[in-house]
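Chain by chain, the residues run as shown.
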Amino acid sequence: MASDSSPRVINELLAQHQHKLTDTMIREIKNRMVPSKEGIIESHMASNPYTPEDIVIDLFNMATSVDEEMATTEAKDELLKKVLENHNLPEEYIVKAYELGLADNESIASNPNTPKKILRDIFLKYQKDPYNRYGSRIRNALALNPSVQSNMLREIYKDHNAGDSSDSSFVQNPNTPSDILKSIYLKSKRWDGNANNAHL
């Protein structure tokens, strides 16, 4: 493989075939890769759910290190976002990112390894401004998180407004109470009825 095509090929492997990469292959890619200032390969690796825990931790340290040089702050922020969404990142690193204010709360809200206390703190922070667009994304992330239990899902559902958070987020969570699912179902029937009437 020509050296000038290697980063492009690795990018394609990580982006398009992540589910086919074995633990050994991911480790080989990590050992061979030259850190890029753009962080593209690193971001693909961080977003791969099959990347081993120790490599995810290495990527976390890379994204949070003051000594690590990347082309832009945005590249570093994007890498940290992907790392914090990775379910192989241990709880202690999520706590560190949250307590130091290093990260996007949406990423932390989406990770099932995030402690319940932090999930509640994030919800309460954005509950105060229900019409905030970013708050809507936070509620979607929380509603999708399988670590959020039914009592908190009730609070999130009560807090969200029509057209604000996506009902599909609640539908996808196995902890969503049956009465909420029923409410969503009835709402979807009303919407279908209105849409059909509009075409008459």
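Residues numbered from 1 in each chain as written. Predicted model: local features only at pLDDT ≥ 70, side-chain atom pairs only at ≥ 80, totals over all residues. Heavy atoms only, no water.

**Q** Quick one: what's the story with the nonpolar core, residue by residue and with numbers?
**A** What tends to happen in soluble globular proteins is that the nonpolar side chains get buried as a cluster. Ranked by internal contacts, the top residues of the largest apolar core, which has 40 residues, are Phe 60, Val 83, Leu 84, Leu 89 and Leu 142. Ranked by residue count, the leading element in this core is helix 4 (residues 53-64), at seven residues. In this view, Leu 142 contacts Ala 109, Leu 119, Phe 123, Val 148, Met 152, Leu 153, Ile 156 and Asn 173; residues no more than four positions away in its chain are not counted. (Core = buried A, V, L, I, M, F, W, Y, C linked by side-chain atoms within 4.5 Å. Buried < 20%, exposed > 50% of the residue type's maximum accessible area, 1.4 Å probe, protein only. Helix = DSSP H or I, 4+ residues; strand = E, 2+ residues; numbered from the N terminus. Contact = heavy atoms within 4.5 Å.)

**Q** Just give me the short version of the packing of helix 4 against helix 6 (residues 91-99), but keep the residues and values in it.
**A** In contact at an axis separation of 11 Å, helix 4 and helix 6 are set at 15° when each is read in the N-to-C sense. Here helix 4 lies roughly parallel to helix 6, going by the angle between them. Note that helix 4 runs across helix 6; the crossing there is left-handed. Where helix 4 approaches helix 6, its residues Ile 57, Phe 60 and Asn 61 are matched on the opposing element by Tyr 93, Lys 96 and Ala 97. Along the lines of polarity and charge, the residues of the contact of helix 4 with helix 6 split into four nonpolar, one polar and one charged. (Axes fitted to C-alpha atoms, helices over the stretch in contact; angles between N-to-C directions. Parallel < 35°, antiparallel > 145°, perpendicular 65-115°, else oblique. Left-handed = near helix turned anticlockwise from the far one by under 90°. Nonpolar A, V, L, I, M, F, W, Y, C, P; charged D, E, K, R; others polar.)

**Q** Got a sec to walk through the environment of Ala 141? Specific residues and values, please.
**A** Relative to the helices and strands, Ala 141 resides in helix 9 (residues 133-144). Dropping the residues within four chain positions of it, Ala 141 is found in contact with Glu 106, Ala 109 and Ser 110.

**Q** Residue-level account of the environment of Ala 63, with values.
**A** Tracing the backbone shows Ala 63 in helix 4. Taking the relative accessible area as the measure of exposure, Ala 63 reaches 7% and is therefore buried. Each C-alpha atom of the pair Ala 63 and Leu 79 lies 6.1 Å from the other, and the pair is 16 residues apart in sequence. The contact partners of Ala 63, leaving out residues within four places of it in the chain, are Lys 76, Leu 79 and Leu 80.

**Q** I'd like a description of helix 10 (residues 150-159), backed by residues and values.
**A** Among all positions of helix 10, only Met 152, Leu 153, Ile 156, Tyr 157 and Asp 159 are buried. All buried residues of helix 10 lie within an arc of 160° about the axis, which places them on one face of the element. Counted as exposed and oriented over 90 degrees from the buried face of helix 10: Asn 151 and Lys 158. (Arc of directions from axis to C-beta.)

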